[in-house]
Amino acid sequence: MFLGEYDIIVVGAGHAGCEAAHAAAVMGSRVMLVTMNMETIARMSCNPAMGGVAKGQIIREIDALGGMSGIITDKTMIQFRMLNRSKGVAMWSPRAQSDRWRFAEEWRLALEKTPNLDFFQDTVKELIIENETAVGVVTGMGAEIRARAVVLTNGTFLNGLIHIGKKNFGGGRMGESASLGITGQLEKLGFVSGRMKTGTPPRVDGRSLNYDAMEEQKGDDEPAKFSFSRETSPLKEQRSCYITYTNNTVHDILREGFSDSPMYNGSIQGLGPRYCPSIEDKINRFAERERHQVFVEPEGWNTVEVYVNGFSTSLPDHIQLKALRQIPGFENAKVFRPGYAIEYDYFPPTQLKLSLETKLINNLFFAGQINGTTGYEEAACQGLMAGINAHRKITEQDPFVLGRNEAYIGVLIDDLVNKGTDEPYRMFTSRAEYRITLRQDNADERLTPKGLELGLAKQERIRLLEEKQKNTRALLHYFENNNIETTTANNILSEKNTSPITEKQRYKRFLLRPEISMADIKNIPDIQALIESCDHDAVQSAETHIKYESYIKKEQEMADKLQRLEEIKIPSQFDYHKLTSLSTEAREKLHNIKPQTLGQASRISGVNPADISVLLVYFGR
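The shown structure was predicted, so the numbers you read here are calculated from the model rather than taken from an experiment.

Quick look at the overall build of the protein chain now. Per the secondary structure count, the protein chain includes 20 helices and 22 strands. By its C-alpha atoms, the protein chain is 80 × 70 × 50 Å across when sized along the principal axes. When each of the 621 residues of the protein chain is scored for burial, the buried share is 57%. Long-range contacts, defined as pairs at least 24 residues apart, comprise 73% of the intrachain contacts of the protein chain with a sequence gap of at least 6. When the accessible surface of the protein chain is summed, it comes to about 26300 Å², and 47% of that surface belongs to carbon and sulfur atoms. Looking at the protein chain, you have 76 positive and 81 negative side-chain charges, and the mean spots of the two groups are 2 Å apart.

Okay, the packing of helix 2 (residues 55–65) against helix 11 (residues 443–454) next. Angle between the axes and distance between the axes are the two parameters that describe a pair of packed helices. For the pair helix 2 and helix 11, the least separation of the axes is 7 Å and the interaxial angle reads 35 degrees. Crossing handedness for the pair helix 2 and helix 11: right-handed. Contacts between helix 2 and helix 11 pair Arg60, Glu61, Ala64 and Leu65 from the former with Ala443, Asp444, Arg446, Leu447, Thr448, Lys450 and Gly451 from the latter.

Turning our eyes to something else, we now look at the pairing of strand 5 (residues 93–98). Counting buried residues along strand 5, six of its six residues qualify, which places the element largely inside the surrounding structure. Residues of strand 5 alternate between two faces, with Ser93, Arg95 and Gln97 on one and Pro94, Ala96 and Ser98 on the opposite face, all of them buried. Note: strand 3 (residues 49–51) against strand 5, three bridges, orientation antiparallel. For Ala49, the partnering residue across the bridge sits in strand 5 and is Gln97. Here six bridges tie strand 4 (residues 77–83) to strand 5, and the two strands are oriented antiparallel to one another. Along strand 5, the bridge assignment pairs Arg81 with Arg95.

Next up on the list: the environment of Thr244. Relative to the helices and strands, Thr244 resides in strand 15 (residues 241–245). Take Thr244: its relative accessible area is 3%, and that puts it in the buried class. With 142 residues separating them in the primary sequence, Thr244 and Ala386 have C-alpha atoms 40 Å apart. Those residues within four positions of Thr244 in sequence are excluded, and the remaining contacts are Met214, His292, Gln293, Val294, Val296, Ile327, Pro328 and Phe330. At 2.9 Å, the side chain of Thr244 forms a polar contact with the backbone oxygen of Pro328.

Take Ile516: it is sitting in the loop between helix 14 (507–511) and helix 15 (518–521). For the pair formed by Ile516 and Ala110, sequence separation is 406 residues and the distance between their alpha carbons is 43 Å. Non-local contacts of Ile516, meaning those with residues more than four positions away in its chain, are made with Ile492, Leu493, Lys496, Phe510, Leu511 and Lys547.

This brings us to the sheet that holds strand 5. Strand order in the open sheet formed by three strands is 3-5-4, with antiparallel pairing between adjacent strands. On the outer flanks of this sheet lie strand 3 and strand 4, each paired with one strand and no other. Neighbour to neighbour, the strand axes of the sheet diverge by 15 degrees on average, direction disregarded. Contacts from helix 3 (residues 69–76) reach strand 3, strand 4 and strand 5 within the one sheet, and its direction differs from that of strand 4 by about 115 degrees.

At Leu356, a position not held by glycine, the phi torsion is positive, near 75 degrees. Structurally, Leu356 can be placed in the loop between strand 19 (340–346) and strand 20 (364–366). Positive phi, close to 55 degrees, is recorded for Asn497, a residue that is not glycine. A relative accessible area of 73% places Asn497 in the exposed class.

Mapped onto the secondary structure, Ser240 falls in the loop between strand 14 (215–217) and strand 15. A polar atom in the side chain of Ser240 sits 2.7 Å from the side chain of Glu216. Look past the residues within four positions of Ser240 in its chain and what remains in contact with it is Gln79, Glu216, Gln217, Lys218 and Pro298.

The final tally for this structure, using the stated rule, is 13 aromatic pairs. Consider the rings of Phe479 and Tyr507, whose centres lie 6.0 Å apart with planes at 55 degrees: the pair is tilted. Here Phe479 is found in helix 12 (residues 459–481), whereas its partner Tyr507 is found in helix 14, with 28 residues between them in sequence. For Phe479, a relative accessible area of 0% corresponds to the buried category. Under the relative-accessibility criterion, Tyr507 is labelled buried at 1%. Clustering of aromatic rings is evident, with ring pairs tying together Phe574, Tyr576, Tyr618 and Phe619. Between Arg291 and the ring centre of Tyr245, over which it is positioned, the NZ or CZ distance is 3.6 Å.

Through backbone hydrogen bonds, the strands of a sheet pair up, either in parallel or in antiparallel fashion. Read across the sheet, six strands follow the order 14-15-16-17-13-18 without closing on themselves; strand pairing throughout is antiparallel. The open sheet terminates on both sides in strands that have one partner only, identified here as strand 14 and strand 18 (335–337). Strand-to-strand, the axes of this sheet are offset by a mean angle of 35 degrees, without reference to chain direction. Pairing of strand 16 (residues 293–298) with strand 17 (residues 305–309), which is carried by four bridges, proceeds in the antiparallel orientation. Residue pairing for strand 17: Phe295 is matched across the bridge by Asn309.

Across all of its chains, the model carries 40 salt bridges by this definition. Between Arg513 and Glu515 there is a salt bridge, with its nearest N and O atoms 3.1 Å apart. Residue class for Glu515 comes out partly exposed when judged on its relative accessible area of 26%. Look at the salt bridges and you will find they share partners, linking Arg404, Asp414, Asp415, Lys419, Glu433, Glu566 and Arg603 into a network.

On to the nonpolar core. Within the largest apolar cluster, 101 residues are counted, with the highest numbers of intra-cluster contacts made by Leu152 and Leu364. The element best represented in this core is helix 9 (residues 376–394), accounting for 10 residues. Beyond its immediate chain neighbours, meaning those up to four positions away, Leu364 contacts Leu127, Ala134, Val150, Leu152, Leu186, Phe191, Leu356, Glu357 and Thr358. Within the second largest apolar cluster, 23 residues are counted, among which are Phe479, Ile501, Leu511 and Ala542.

Our focus in this paragraph is the packing of helix 2 against helix 10 (residues 408–419). One can describe the packing of helix 2 onto helix 10 by two numbers: an axis separation of 9 Å at closest approach and a directional angle of 110 degrees. Taken together, the axis directions place helix 2 and helix 10 in an arrangement best described as roughly perpendicular. Along its contact with helix 2, which presents Gln57, Ile58, Glu61, Ile62 and Leu65, the element helix 10 presents Tyr408, Ile409 and Leu412. Class assignment for the residues of the contact of helix 2 with helix 10 results in six nonpolar, one polar and one charged.

About the criteria used
- All residue numbers refer to positions counted from 1 along the written sequence of the respective chain.
- pLDDT decides what is reported in this predicted model: residues at 70 or higher carry local features, side-chain atom pairs at 80 or more are listed and counted, and totals for whole chains, interfaces and linings draw on all residues regardless.
- Excluding hydrogens and water, the side-chain figures rest on all heavy atoms present in the structure.
- Only runs of H or I of at least four residues qualify as helices and only runs of E of at least two qualify as strands under DSSP, and these elements are numbered from the N terminus.
- The buried label applies to any residue whose accessible area, calculated with a 1.4 Å probe on protein chains only, is under 20% of its type's maximum; exposed applies above 50%, and partly exposed to all values in between.
- In this analysis, two residues are considered to be in contact whenever any of their non-hydrogen atoms come within 4.5 Å of each other.
- Per-residue and other accessible areas follow the Shrake-Rupley method at a 1.4 Å probe size, with only the shown protein chains counted as cover for residues.
- Neither His nor the chain termini are counted; the positive set is Lys and Arg, and the negative set is Asp and Glu.
- The atom standing in for a charge is NZ when the residue is Lys, CZ when it is Arg, CG when it is Asp and CD when it is Glu.
- Note on geometry: axes are lines fitted to C-alpha atoms, helical ones only across the stretch in contact, with angles between N-to-C directions running from 0 to 180 degrees.
- Left-handed describes a crossing whose near helix is turned anticlockwise from the far helix by less than a right angle; the clockwise case is right-handed.
- Strands are treated as partners if at least two bridges between them are detected by DSSP.
- Side-chain atoms alone can form a polar contact between residues adjacent in sequence; in general such a contact is a pair of N or O atoms within 3.5 Å, and within protein one must be able to donate a hydrogen while the other accepts it.
- The aromatic pairing rule takes the rings of Phe, Tyr and Trp, using the six-membered ring of Trp, and pairs them if the centres are within 6.5 Å, calling planes under 30 degrees apart stacked, those over 60 edge-to-face and the rest tilted.
- By definition, being over a ring means that NZ of Lys or CZ of Arg is both within 6 Å of the ring centre and within 35 degrees of the ring normal.
- Here, a salt bridge means any Lys or Arg side-chain nitrogen found within 4 Å of an Asp or Glu carboxyl oxygen.
- Among the buried residues, those of types Ala, Val, Leu, Ile, Met, Phe, Trp, Tyr and Cys that are joined through side-chain atoms within 4.5 Å form a nonpolar core.
- Roughly parallel refers to an angle under 35 degrees, roughly antiparallel to one over 145, roughly perpendicular to one between 65 and 115, and oblique to any angle outside these ranges.
- Only Asp, Glu, Lys and Arg are considered charged, only Ala, Val, Leu, Ile, Met, Phe, Trp, Tyr, Cys and Pro nonpolar, and every remaining residue, Gly among them, polar.

Next comes the structure, spelled out in structure tokens:
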């Protein structure tokens, strides 16, 4: 059935699996993507959206490296919004509402066009391990597929258990079977596993809703996009979302079902996502609130199906419907499918190297929810990195690891490997100490050269980047060497109700005023032509550089200091127990995690600055 041995097998075709398979195949590996159902490749299991706070930065980083999530999102989105525009640029985060069916279709078409990539529809029940190395898989039908490396991206399918009220049944998603066998095998090999929980809200018939009773939420007037490439273009028309609210009546009805809720009767053992709680968790934890937001999100261009964001629940289905119909606009709601919770196995990610290869088994990589994360974006970036590193491992190249000062992807993986997680991990801008540097608008500058070096990003991406940088330099040169006239400046300042200037000044100095933006000066005749000759990205880049130059320099200085610790390597078999000057907790944590550098050691919970000083002395300052 299979023509010889593959280089890499990717198990699972969700967001992590798709990025892993695509990356490894583009880099030159012969890849087999095994999925339980060819019809559900890249299915958006939960909300039909990509991006958001910090998540949007991740998608742009994936795109800059040569991954596909940004391009697929651009091709299939029905609305685009740049979140947090009222805050500093470090907080700006792109978000797209997606057409669920077209998103999956575009991903499958992209994978089918990728050379070196084969598909097989079956479950994987067992790994083939020889000499502590992953060399293949055994499928449910008994087929053996051999390879030089294996990437597991099992999502919520490992021993998945679905809950709706008192009812529960096996499944990785509604209507799809769970995956059995792998957890037990890995535990026998010495891995530690745990249980996590996530949930999803009801889907309803949009024809049964009264949108006049809700607040309309339109997309941006001038929508942007995710991909830095010219392969996609911004939307010309968009679909609106809507906002409505729960109320005390809704909350009282939901409380009626608490005795049957698997969240409260002990049926669910795994921890759910702290930052995306179920509606029953919200009204329990925030009992003082009289209402909670509900986002009414269309599932696509041509469907009436609606996603009820903010109403994730595992309560009995009759309670769900009764409560829904008390929400303004939902009085006559028809439910396509009730909400449910799902429990699944994961493996604490401290069992991984920074390359996402497991420490116990060579050439075995984990990516996505198997590592304890939640969210399409977090899964996709792990898949990309696992695919890259699986290819580099079998071609005897050093691992590709992004630092915390280089990408949100680096922050995420560093957090997982060094700190672990006992609840679904979600990325936030607050997790990144270098967030002024790690902006969504400069992901191409940070990562596209790396993507080209890896063999993922195309040469055309570098040409576009160089064009943007050239235009940015031209703008900066002009603003640093030309003045704005006093009369022109004061006309702008008077409209802002702020103090005038008494003499002409450089444009750069004028733009440093917090109330002034590039939009205020773009129509001044002497610079209008210059700005119009540059694309939007270059103009935004120039403005950001001017306004945040001092902050960016401070962050870079801090990053450079910490980078010195990254340059001090620690032997993989180093015996920490012989350093009695280390605290007992530090010896234990360092022994278990086995950091590769002193920088990585400094970020492990329980390892304090005094312990790092001891290691510095031992390895020689």
